[in-house]
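One-letter residues, chain by chain:
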Amino acid sequence: MSGVSGIGASAGGGAMSVDRVMALRSQILERNQALSRAGATGNVAPTEMVKPTSFADTMETALKSVNDGQTQAAKLSESYERGETVDIAKVMLARQQASVGFEATLQVRNKLLSAYKDIMSMPV
């Protein structure tokens, strides 16, 4: 990317370097939006979706989805680290999605444990 090397060269330029950084930031945001639109339309075919029938099935499906996201992010990161041609924006987006998925799973776990403790402390 020739735009990245231009940032270091004009770092002493004051306002010009800020304008350059802001232009690069807007380009990155546009690419992220395009990648998320492409990812949202191509993830799962409608015929592959299975409607869970119980709470356990729902949790299993959610955990598999989070695990798949983390696996994909790890593969993209490893590919980028090996020097393969991988878009850094795609790598960062996958890592953020995996992180958000994990955090959401952790919060659900905390709520379930709290509900379990509340139920167990109820008088019978």
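Up top is the structure these notes are about.
Since this is a predicted model, take the numbers as computed values, not measurements.

**What to know about the overall build of the protein chain**
Now for step 1: Looking only at helices and strands, the protein chain has four helices and zero strands in total.
Now for step 2: Going from the N terminus to the C terminus, the protein chain shows its helices and strands as α-α-α-α.
Now for step 3: In the protein chain, which comprises 124 residues, the share counted as buried stands at 11%.
Now for step 4: The contacts of the protein chain with a sequence gap of at least 6 include a subset with a gap of at least 24, amounting to 46%.
Now for step 5: Counting every atom, the protein chain has about 9,900 Å² of accessible surface; 60% of that belongs to carbon and sulfur.

**A word on the nonpolar core**
Nonpolar side chains in soluble globular proteins tend to be buried together.
Now for step 1: Core analysis: the biggest nonpolar cluster contains six residues, these being Ala-73, Leu-76, Val-86, Val-91, Ala-94 and Ala-98.
Now for step 2: Residue assignment for this core shows that the elements contributing at least two residues are α3 (55–81) and α4 (88–120).
Now for step 3: Here this core takes three residues from α4, the largest share from any one element.
Now for step 4: Leave out the neighbours within four places in its chain, and Ala-98 touches Gly-69, Gln-70 and Ala-73.

**Quick notes on α4**
Residues spaced three or four apart along an α-helix face the same direction, because each turn holds 3.6 residues.
Now for step 1: When the terminal C-alpha atoms of α4 are compared, their 48 Å separation across 33 residues agrees well with the 48 Å that a helix rising 1.5 Å per residue should span.
Now for step 2: Within the span of α4, buried status applies to Ala-89, Val-91, Ala-94, Ala-98 and Gly-101.

**Some points on the side chain of Ser-79**
Now for step 1: Inspection of the secondary structure assignment puts Ser-79 in helix α3.
Now for step 2: With sequence-adjacent residues up to four places away left out, Ser-79 is seen in contact with Glu-84 and Val-86.

**Brief notes about the packing of α3 against α4**
Now for step 1: Taken N-terminus to C-terminus, the directions of α3 and α4 make an angle of 150 degrees; their axes are 8 Å apart at the nearest point. By the angle class used here, α3 and α4 are roughly antiparallel. Between α3 and α4 the crossing geometry is left-handed. In this structure, α3 contributes Phe-55, Met-59, Leu-63, Val-66, Gly-69, Gln-70, Ala-73, Leu-76, Ser-77 and Tyr-80 to the contact, and α4 contributes Ile-88, Lys-90, Val-91, Ala-94, Arg-95, Ala-98, Gly-101, Phe-102, Thr-105, Val-108 and Leu-112.
Now for step 2: Its residues assigned to classes, the contact of α3 with α4 comprises 14 nonpolar, five polar and two charged.

**Overview of the side chain of Ser-77**
Now for step 1: Considering the arrangement of structural elements, one finds Ser-77 in helix α3.
Now for step 2: Contacts of Ser-77, omitting those with residues within four sequence positions, involve Val-91 and Arg-95.

**Concerning a nonpolar patch on the surface**
Now for step 1: On the surface, a nonpolar cluster with roughly 470 Å² of combined accessible area is contributed by Tyr-116, Ile-119, Met-120 and Met-122.
Now for step 2: Mapping Met-120 onto the fold places it in helix α4.

Reading the values: the criteria
- Residues numbered from 1 in each chain as written.
- Predicted model: local features only at pLDDT ≥ 70, side-chain atom pairs only at ≥ 80, totals over all residues.
- Heavy atoms only, no water.
- Helix = DSSP H or I, 4+ residues; strand = E, 2+ residues; numbered from the N terminus.
- Buried < 20%, exposed > 50% of the residue type's maximum accessible area, 1.4 Å probe, protein only.
- Contact = heavy atoms within 4.5 Å.
- Areas by Shrake-Rupley, 256 points an atom, 1.4 Å probe, with all protein chains shown as cover.
- Core = buried A, V, L, I, M, F, W, Y, C linked by side-chain atoms within 4.5 Å.
- Expected span 1.5 Å × (residues − 1).
- Axes fitted to C-alpha atoms, helices over the stretch in contact; angles between N-to-C directions.
- Parallel < 35°, antiparallel > 145°, perpendicular 65-115°, else oblique.
- Left-handed = near helix turned anticlockwise from the far one by under 90°.
- Nonpolar A, V, L, I, M, F, W, Y, C, P; charged D, E, K, R; others polar.
- Patch = residues over 30% accessible without salt bridge, like charges linked within 9 Å, V, L, I, M, F, W, Y side chains within 5 Å.
- Salt bridge = Lys/Arg side-chain N within 4 Å of Asp/Glu carboxyl O.

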